[in-house]
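Summary of structural features
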Amino acid sequence: MTLLDVRDLRITFGRRTKVVAVDGVSLSVAPDETVGLVGESGSGKTTVARAVVGLVRPDSGAIVLDGQPLGRIGRRSAAAHRAVQMVFQDPRSSLNPRMTVAAVIDEVWRTHPVTAPEGDRTAALHGLLDDVGLDASVARQRPSELSGGQCQRVSIARALAAKPRLLVCDEAVSALDVSVQAQVLRLLVDLREKHHLSMLFISHDLGVVHQIADRIAVMRRGELVEEGPAADVLGAPQHEYTQSLLDAALELNE
Ligand SMILES: Nc1ncnc2c1ncn2[C@@H]1O[C@H](COP(=O)(O)OP(=O)(O)OP(=O)(O)O)[C@@H](O)[C@H]1O
Ligand SMILES: [Mg+2]
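Residues numbered from 1 in each chain as written. Chains lettered and ligands numbered in written order. Predicted model: local features only at pLDDT ≥ 70, side-chain atom pairs only at ≥ 80, totals over all residues. Heavy atoms only, no water.

An unreviewed UniProt entry lists the protein under the name ABC transporter ATP-binding protein, from Hamadaea flava. Its UniProt record gives the protein a comment under Sequence similarities (unreviewed entry), which states: "Belongs to the ABC transporter superfamily." (UniProt positions renumbered as here; feature names shortened; annotations may be inferred.)

1. Points about the site of ligand 1
Within the structure, ligand 1 sits among Phe13, Val19, Ala21, Glu40, Ser41, Gly42, Ser43, Gly44, Lys45, Thr46 and Thr47. A distance of 2.8 Å separates an oxygen atom of ligand 1 from a polar side-chain atom of Lys45. In this structure, Thr46 approaches ligand 1 through a side-chain N or O atom, which is 2.8 Å from an oxygen atom. Here ligand 1, which alone exposes 640 Å², has 58% of that area covered by the protein. (Near = heavy atom within 4 Å. Polar contact = N/O pair within 3.5 Å; in protein donor to acceptor, adjacent residues only side chain to side chain. Areas by Shrake-Rupley, 256 points an atom, 1.4 Å probe, with all protein chains shown as cover.)

2. With respect to the packing of helix 3 (residues 101–111) against helix 5 (residues 148–161)
Running from N to C, helix 3 and helix 5 point in directions that differ by 20 degrees, and their axes come no closer than 9 Å. The angle between helix 3 and helix 5 places the two elements in the roughly parallel class. The crossing of helix 3 and helix 5 is right-handed. Along its contact with helix 3, which presents Val101, Val104, Ile105, Val108 and Trp109, the element helix 5 presents Val154, Ala157, Arg158 and Ala161. Looking at the contact of helix 3 with helix 5 residue by residue, the classes come out as eight nonpolar, no polar and one charged. (Axes fitted to C-alpha atoms, helices over the stretch in contact; angles between N-to-C directions. Helix = DSSP H or I, 4+ residues; strand = E, 2+ residues; numbered from the N terminus. Parallel < 35°, antiparallel > 145°, perpendicular 65-115°, else oblique. Left-handed = near helix turned anticlockwise from the far one by under 90°. Contact = heavy atoms within 4.5 Å. Nonpolar A, V, L, I, M, F, W, Y, C, P; charged D, E, K, R; others polar.)

3. Topic: the confidence of the model for the protein
Residue-level pLDDT values for the protein average 93, and 99% of them are 70 or greater. Put simply, helix 9 (residues 240–253) is where the protein has its lowest mean pLDDT, 85, and strand 3 (residues 34–38) is where it has its highest, 98. (pLDDT = per-residue confidence, 0-100.)

4. Overview of the pairing of strand 4 (residues 60–65)
Here five bridges tie strand 1 (residues 4–13) to strand 4, and the two strands are oriented antiparallel to one another. Bridge assignment links Asp5 to a residue of strand 4, and that residue is Val64. Note: strand 4 against strand 5 (residues 68–69), two bridges, orientation antiparallel. Counterpart to Val64 in the pairing with strand 5 is Pro69. The turn joining strand 4 and strand 5, which pair antiparallel and follow one another in sequence, is formed by two residues; a positive phi near 55 degrees is taken by Asp66. (Pairing = 2+ DSSP bridges.)

Shown next as structure tokens:
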């Protein structure tokens, strides 16, 4: 069974000189599964993510969620829009600096009324903040008053408020300090179980992906070069490019 099915995706940028950012990529994510997407800078990971959430229009190929082809974000049904949520790399710039945390969550509830709590909204808000490890007092604060890690927890809460089926995390912990990175990663692992989330987890850091992914897909220059269970891809890579990524990761750790 698959939840997300990306079929033969091709995305180019530019008119005269075309950059082929994604070149025939197919991948799938099963319910409750986390797929790690790795590859060096410029390999096309973010472009795949942006296409999945509907921010980029593919030249060709299909993005299918639960058997339904997804169009661009403006054309997506409210349900499809809600079903795929994204957590971005920079926690601060992905939040509106003028909005309090309570307003950020309230906006989700207004945009997607089916997600709005029926009873006590304050209690629901505090429950959501508690889910992502934030104190209720954070509700009144704005991003400038919060740490990077707290902002990223707010971004995760905002995504969860929409009750998504699939969470797309694009370098979601990369901008955080190492100790905070580990905490936010742990949170994502916990939430995945608690909320039965599927994830497309993008990172250039194999060590991070290792901790969360069930399967790993490796991109190079717009193409998928290897894909399989995390233990196989990391333990016995089939493609020399994957091996070179592993070697580079080991060198960094030395
Ligand atoms: N909006 C855009 N316009 C033109 N070219 C783009 C655009 N977005 C991405 N590209 C190009 O597409 C290719 C893939 O970029 P992408 O950002 O998807 O890579 P990435 O794997 O996410 O890299 P990183 O690890 O640095 O985040 C690159 O050559 C990039 O320069
Ligand atoms: Mg990227």
